[in-house]
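Descriptive structure summary
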Amino acid sequence: MIPNIILHFLCVYLLFIILLKLKSDKIHSFFLSVIFAVHPLFLNAVSWIPGRNDTILTLFVLLSFYFFISYLDNKKYLEFILSGLFTLCALLSKETGLLIPLVFSLYYLIKEKKLDKNYIKWFVIWSLVLLIWFVFRSISDLGENINKSGIEVILTNLAVFPEFIAKFFLPYSISVLPVYKVEVTIIGILIIIALLLLPKFTKKFNTQTYFGLVWFFLFALPAVIITTKNSNDWNQYLECRSYLPIAGLLIFLSNFIRNDLFSLSNKRNQLIFLVILAAFITINFIESFNYQNSLNFYESAVKDTPDRALYNEILCNIYMANGFNEKAEQTYLRMTESNPDYSKYFLKLGEFYYNTKQFNKSLEPLKKSYSLDTHNRYALSLLLNSYTQLNMADSSIIVLRRIYKDTINYPEAFIDLLNLLIRQEKFGEATDIAMDRIKSGYDKTIILELYSNWSRQFFEEKNNPVMIKILEETLKIEPENAKIINYLYESYQTAGINDKAEYYLNILKKIYIKKELKKYIEEE
C-alpha cells in the first residue's frame with residue numbers, strides 16, 4: 001500500500017503544478033489538489049493493488065502533459081523529448097494512454113488556435129511512440145482476454161460518466177466493487193448538465209474552459225466501451241478508473257474557483273472547505289478498513305450489492321478457508337436465492353454440504369444443479385458420491401439409468417451403472433444393459449474384464465454363490481468362453497452340485513469336439 005500512497009502524492013503534486021501552469025493561483029490550486037489527495041472516490045485506486053495501474057497511468061499522463069504545456073510555452077527540446085517519453089510510459093502502463101495524442105491535440109488547438117507546422121513534430125513523436133508500443137504489445141504474452149465490448153456494452157456503460165461525476169461531488173455511494181445505481185446515475189446527469197451551464201452562469205465561456213471536461217470524458221471512455229465478460233455477476237465498473245478522468249474535472253473547475261461565489265478568500269467558503277476536508281478524511285478512515293484484507297473487502301462488496309452471486313461465492317471461499325462454516329452456509333443459501341435458475345450456485349451449495357460431510361443436505365442442491373444443467377458432470381459426480389456415502393445405491397442406479405447411453409458427456413456412466421448393479425446383485429439387468437451396449441458397438445472385452453474382476457472379488461470375499469452367478473452372467477455375454485465354463489464346472493463340483501457340474505462339463509466337451517472338428521476340416 002505504501003508504494004500506492006507514494007504514487008498518489010506524486011500525482012497530487014503534479015496536478016498542483018499543472019494547475020499553476022494553467023494560470024490558477026496557488027491557493028486555489030492547493031485547494032483543488034488537496035481535494036484530489038483526500039477524496040474517498042480514489043480510495044479504490046490508492047488502497048487496492050489492482051488500482052495501482054490507474055495511479056501509474058495518471059502519473060505518466062500528468063508528467064507528459066506537464067512537459068507538453070511547458071514546451072508550448074518555452075519551446076525547449078528537452079521538454080519535447082520528455083513529454084514523448086512519458087507518453088510511451090503511459091501507454092506501456094495501460095492502453096488508455098492511446099487517448100493522449102487526442103487529448104493533447106485538443107489542448108494544442110485551443111492554445112495555438114490551429115494545428116500549424118510545429119504540430120507535425122508532435123504528430124511524428126506520437127507516431128513513433130505508438131509504433132514502439134505496438135511492437136512491444138505484439139511480442140508480449142497478454143494472457144486470456146477477459147474483456148468484452150460492443151453496442152450493448154456501450155449502452156450499459158454510458159452510466160460510467162454520471163456515476164463518476166456524482167460520486168465525486170456526493171461521495172455517499174462509494175463501493176469496493178460498484179454496480180450502477182439509478183439514483184446515482186440521475187444525480188450525475190443533473191450535475192453534468194449544471195457543469196455544462198456553469199461557464200455561462202459565471203460568464204467564463206470560452207473554448208479553453210471546456211478542455212478539462214473533454215479530458216474527463218475522453219479518459220473515462222475506455223470504461224464505457226470495455227467491460228469484463230462476467231459483468232452480469234461481477235462489478236460493472238471500478239472507481240479507480242475515475243482517477244485520471246477526475247484530474248481533468250479539477251482542471252475544468254479551476255476556471256471557476258476564483259469566482260466570488262467559490263473563492264477561498266471568503267471565510268464562509270474556508271469553513272465549507274474545512275468541513276468537506278474533515279468529512280472526506282473521516283470517510284476515508286472508515287472505508288479503508290474494507291481494504292485491510294480479503295474478508296473485509298468481500299463482506300463490504302456483498303453488503304453493498306447482495307445480489308451479485310460471484311461476490312458471495314468468493315466470500316464463501318474465504319469463510320471456508322477461515323473455518324466460518326455457518327457464515328459460509330448462509331452466504332451460499334443467499335447465492336441460490338438470488339440466482340434460482342443458475343446451476344453453478346446450487347452446485348456450490350451442494351459442494352459445501354458434501355465437503356462438510358452433510359451428505360443428506362447435499363442431495364437437493366446437487367439435484368437442482370444437475371436439473372438446470374444436465375451436462376454438469378461435477379454436480380452429477382458429487383450427487384452419486386453423496387448417495388454412496390448415504391448407502392443409497394438404488395438412487396444412484398436411477399440417476400445412472402437416465403444417462404448411461406450418453407457416451408459423449410458421460411462416457412464413464414455405463415461402467416458406473418454396471419458396477420452398481422453387480423454390487424447390488426442385479427445381475428440380469430446388468431447383463432441386459434451390457435448386451436445392449438455390445439450391440440451398439442461397445443468393446444466386449446472391457447465388459448468381460450469388468451465381470452472377471454467382480455468374480456475375482458467375490459471369490460476373495462468367499463462369496464461363492466454370488467461368484468457363480470456373475471460367472472453365469474459372463475457366459476451370457478460370451479457363451480463359448482471355455483475358461484469361464486471351466487470355472488463354473490469346478491465351482492459347482494466343489495460345491496457338490498453334481499448335476500450343474502456335469503452340465504458344464506458336457507458343454508466343455510461339445511466345445512472341445514467342435515474345435516477338434518474345425519481343426520480337422522482345416523487340415524484336410
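Everything numeric in this text was worked out from a predicted model, so none of it was measured. (Residues numbered from 1 in each chain as written. Predicted model: local features only at pLDDT ≥ 70, side-chain atom pairs only at ≥ 80, totals over all residues. Heavy atoms only, no water.)

The next thing to look at is the pattern of salt bridges. If you walk through the whole model with that rule in mind, you get 15 salt bridges. The salt bridge involving E313 is made with K348; its shortest N-O contact spans 3.6 Å. Of this pair, E313 sits in helix α15 (residues 309-321) while K348 is found in helix α17 (residues 343-355), placing the two residues 35 residues apart along the sequence. On the basis of relative accessible area, K348 is assigned to the buried category, the value being 18%. Residues joined in a network through salt bridges with shared partners are E313, K344, K348 and E351. (Salt bridge = Lys/Arg side-chain N within 4 Å of Asp/Glu carboxyl O. Helix = DSSP H or I, 4+ residues; strand = E, 2+ residues; numbered from the N terminus. Buried < 20%, exposed > 50% of the residue type's maximum accessible area, 1.4 Å probe, protein only.)

When the terminal C-alpha atoms of helix α18 (residues 359-372) are compared, their 20 Å separation across 14 residues agrees well with the 20 Å that a helix rising 1.5 Å per residue should span. All buried positions along α18 are accounted for by F359, S362, L363, P365, L366, S369 and Y370. Contacts from the buried residues of α18 go to α17, α19 (377-389) and α20 (393-403). (Expected span 1.5 Å × (residues − 1). Contact = heavy atoms within 4.5 Å.)

Moving on, we come to the environment of L92. Within the secondary structure layout, L92 lies in helix α5 (residues 77-93). Sequence separation between L92 and W133 is 41 residues; the distance between their C-alpha atoms is 6.6 Å.

With that settled, the discussion passes to the nonpolar core. By size, the foremost hydrophobic cluster in this structure holds 109 residues, and its most contacted members are F65, F68, W122, L177, W215 and L249. Per element, the largest residue contribution to this core is 12 residues, and it comes from helix α4 (residues 52-74). Leaving out residues up to four positions away in the same chain, W215 has contacts with V61, L62, F65, V103, F104, L244, P245, A247, G248 and I251. (Core = buried A, V, L, I, M, F, W, Y, C linked by side-chain atoms within 4.5 Å.)

Going through the model one piece at a time under the given rule, you end up with 46 aromatic pairs. The interplanar angle of 70 degrees and the centroid separation of 5.2 Å between the aromatic rings of W215 and F219 together place this pair among those described as edge-to-face. Residue W215 and its partner F219 are both found in helix α11 (residues 211-225); the two are separated by 4 residues, about one turn of the helix. Assigned by exposure class, W215 and F219 land together as buried. Across from the ring centre of F346, 5.8 Å away, lies the NZ or CZ of K368, which sits over that ring. If you follow R437 out to its NZ or CZ, it ends over the ring of F414, 4.6 Å from the centre. (Phe/Tyr/Trp six-rings, centres within 6.5 Å; stacked < 30°, edge-to-face > 60°. Lys NZ or Arg CZ within 6 Å of the ring centre and 35° of its normal.)

This paragraph deals with helix α23 (residues 444-460). With 17 residues, α23 extends 25 Å between its outermost C-alpha atoms, agreeing within 8% with the 24 Å of an ideal straight helix rising 1.5 Å per residue. Along α23, the positions that sit buried rather than exposed are I447, L448, L450, Y451, W454, S455 and F458. End-on, the buried residues of α23 take up no more than an arc of 160 degrees, which puts them together on one face. Opposite the packed face of α23, turned more than 90 degrees from it, sit the exposed residues T445, F459 and E460. Next to the buried residues of α23 lie α21 (413-423), α22 (427-439) and α24 (464-477). The first or second residue beyond α23 is K462, which carries a positive phi of 60 degrees. (Arc of directions from axis to C-beta.)

In this section: a nonpolar patch on the surface. Taken together, the side chains of L92, L128, L131, V135, F136 and I139 define a hydrophobic patch exposed on the protein surface, amounting to about 600 Å² of accessible area. With 4 residues, helix α7 (residues 119-138) is the single largest residue contributor to the nonpolar patch. You can call L92 partly exposed: its relative accessible area is 45%. (Patch = residues over 30% accessible without salt bridge, like charges linked within 9 Å, V, L, I, M, F, W, Y side chains within 5 Å. Areas by Shrake-Rupley, 256 points an atom, 1.4 Å probe, with all protein chains shown as cover.)

Before going further, it helps to spend a moment on the packing of helix α9 (residues 160-169) against helix α10 (residues 182-201). At their nearest, the axes of α9 and α10 sit 7 Å apart, and the two run at 85 degrees to each other. It follows from the interaxial angle that α9 and α10 lie roughly perpendicular. Within the contact between the two elements, α9 uses F161, P162, E163, I165, A166, K167 and F169 and α10 uses V184, T185, I187, G188, I189, I191, I192 and L195. Of the residues assigned to the contact of α9 with α10, the class counts are 11 nonpolar, 2 polar and 2 charged. (Axes fitted to C-alpha atoms, helices over the stretch in contact; angles between N-to-C directions. Parallel < 35°, antiparallel > 145°, perpendicular 65-115°, else oblique. Nonpolar A, V, L, I, M, F, W, Y, C, P; charged D, E, K, R; others polar.)

Okay, unusual backbone geometry next. One non-glycine residue, K113, lies in positive phi territory at about 75 degrees. Position of K113 relative to the elements: it lies in the loop between α6 (100-112) and α7. Judged by its relative accessible area of 67%, K113 is exposed. At K357, a position not held by glycine, the phi torsion is positive, near 60 degrees.

Let us look at the environment of C89. Inspection of the secondary structure assignment puts C89 in helix α5. In this structure C89 comes out as partly exposed when scored by relative accessible area, which is 22%.

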